[in-house]
Amino acid sequence: MSAVAHYYTLPDTPYDLWVRGELAGFLHLPDDGTRVEVIGGEIVVSPGPTLAHNLIVSDISDRFAEVRATRPGFTWRCVQTTDLNLIRLGDGYVPDLLVIDADVAREARQTGARYLLPPQVDLAVEVTSPSNAANDREPGRLGRKPTKWGGYAATGIPYYLLVDRDPRTPRITLYARPDVHAGTYEVLTAWKFGETITLREPFGLDIPTDEWEPWDR
C-alpha cells in the first residue's frame, strides 16, 4: 500500500531531496521498483506496479510507436516512469507514461536531463492500482487533498488520460482544458473497458482496450 511519511527527520525539504535524486536513499527504500513521489508537499511511497498494470501502459506506448512507424510527420514519443518536476508546486511525480514531442525528446537526450518539466509534456497517463488510485483521481469534495490530477492541471499539461482499473467503476477518462489557477480539468470524453480510445488531434490515433481488465476484486 502507498504510505505518507511524516516521521523522518530529513536534511532538506522532500521536494529538494527528490529533485536531487536523494529522497529514496534517505527513506531507505528497497530497489525493487518502489516509487517515491512528492504530492501536495507530502512524501508518497508506492510499491512497484503489477504486470497487468504495466501491460496497459505498454499497450498505450506501443500504439504510439506503431503509428509513428507508419505515419510520416507523426512526432509523438512516449516515455515511461520518467520523473516530472512540478517546480511551481514544489512537487515531484513519477507518471506511468508521458507523451512528448520528438524535439523535446531529442533535447532531453542531448542535455542528459534527469527529469521533464510540465511545459515539455502534452499528455500525462496514469493507470490506477489499489495503492495509489486516490492520488491519481480528481480530489474528493471533502478536504480536497492534493492529487496528481490537480497537479497536472495546475501546471498546464494539456491532456490527462486516466485509466481507472477499480472493479467498481472501471473506465478510461480523457481530461483536457486545464485551469491552471483552479488546478482543475474538464472531462473531454470517457470510455468503458473494451471500447476503443480515440485520441483526436493533436495525436490522432486509436487505442484498443479489449484485453484490459480491472484489478482483482
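Look a little higher up for the structure.
Model, not experiment: these values are computed from the prediction.

Calculation notes
- Residues numbered from 1 in each chain as written.
- Predicted model: local features only at pLDDT ≥ 70, side-chain atom pairs only at ≥ 80, totals over all residues.
- Heavy atoms only, no water.
- Helix = DSSP H or I, 4+ residues; strand = E, 2+ residues; numbered from the N terminus.
- Expected span 1.5 Å × (residues − 1).
- Buried < 20%, exposed > 50% of the residue type's maximum accessible area, 1.4 Å probe, protein only.
- Arc of directions from axis to C-beta.
- Contact = heavy atoms within 4.5 Å.
- Phe/Tyr/Trp six-rings, centres within 6.5 Å; stacked < 30°, edge-to-face > 60°.
- Lys NZ or Arg CZ within 6 Å of the ring centre and 35° of its normal.
- Core = buried A, V, L, I, M, F, W, Y, C linked by side-chain atoms within 4.5 Å.
- Pairing = 2+ DSSP bridges.
- Axes fitted to C-alpha atoms, helices over the stretch in contact; angles between N-to-C directions.

Draft legend 1. Expanded view of helix 3 (residues 51-70). Across its 20 residues, helix 3 extends 28 Å between first and last C-alpha, which sits within 8% of the 28 Å expected from 1.5 Å per residue. Listing the buried residues of helix 3 in full gives H53, I56, V57, I60, S61, F64 and V67. An end-on view of helix 3 places all buried positions within 125 degrees of arc, on one side of the element. With respect to the buried face of helix 3, the exposed residues turned more than 90 degrees away are L51, A69 and T70.

Draft legend 2. Fine view of helix 4 (residues 102-111). Among the residues making up helix 4, those that are buried are A102, V104, A105 and A108. Buried residues of helix 4, viewed axially, fall in a sector of 160 degrees; they line one side. Exposed residues pointing more than 90 degrees away from the buried face of helix 4 are listed as Q110 and T111. The elements touched by buried residues of helix 4 are strand 4 (76-80) and strand 7 (97-101). In the segment just after helix 4, G112 is the residue with positive phi, at about 65 degrees.

Draft legend 3. The arrangement of the packing of aromatic side chains in detail. Taken as a whole and assessed by the stated rule, the structure comprises 12 aromatic pairs. Aromatic rings pair up to connect Y93, W149, Y152, Y160, Y175 and Y185 into one cluster. Stacked on the ring of W18, the Lys or Arg R114 has its end atom at 5.9 Å from the ring centre.

Draft legend 4. Main features of the nonpolar core. Judged by nonpolar contacts, the single largest core of 27 residues is most densely connected at I60, F64, L123, L199 and W212. Elements represented by at least two residues in this core include exactly helix 3, strand 4, strand 7, strand 8 (123-127), strand 9 (159-164), strand 10 (171-179), strand 12 (197-199) and strand 13 (205-207). Take this core: its biggest share by element is 5 residues, from helix 3. Those residues in contact with W212 that lie beyond four places of it in its chain are I56, D59, I60, V163, I172, F193, I197 and I207. Ranked by size, the runner-up nonpolar core spans 21 residues in total, among them I39, V44, L84 and I157.

Draft legend 5. Summary view of the side chain of T173. Position of T173 among the secondary structure elements: in strand 10. Looking at T173, the relative accessible area reads 7%, which means it is buried. Leave out the neighbours within four places in its chain, and T173 touches Y160, L161, L162, V187, T189 and A190.

Draft legend 6. A look at the sheet that holds strand 10. Spatial strand order, 4-7-8-9-10-11: 6 strands in an open sheet with mixed pairing. Strands at the two margins of the open sheet, each flanked by one partner only, are strand 4 and strand 11 (184-191). For this sheet the average axis-to-axis angle between neighbouring strands, irrespective of direction, equals 20 degrees. Direction of pairing for strand 9 relative to strand 10: antiparallel, over a ladder of 5 bridges. Within the sheet, the bridge partner assigned to V163 lies in strand 10 and is I172. Contacting strand 4 and strand 7, helix 4 runs over the sheet at an angle of about 100 degrees to strand 7.

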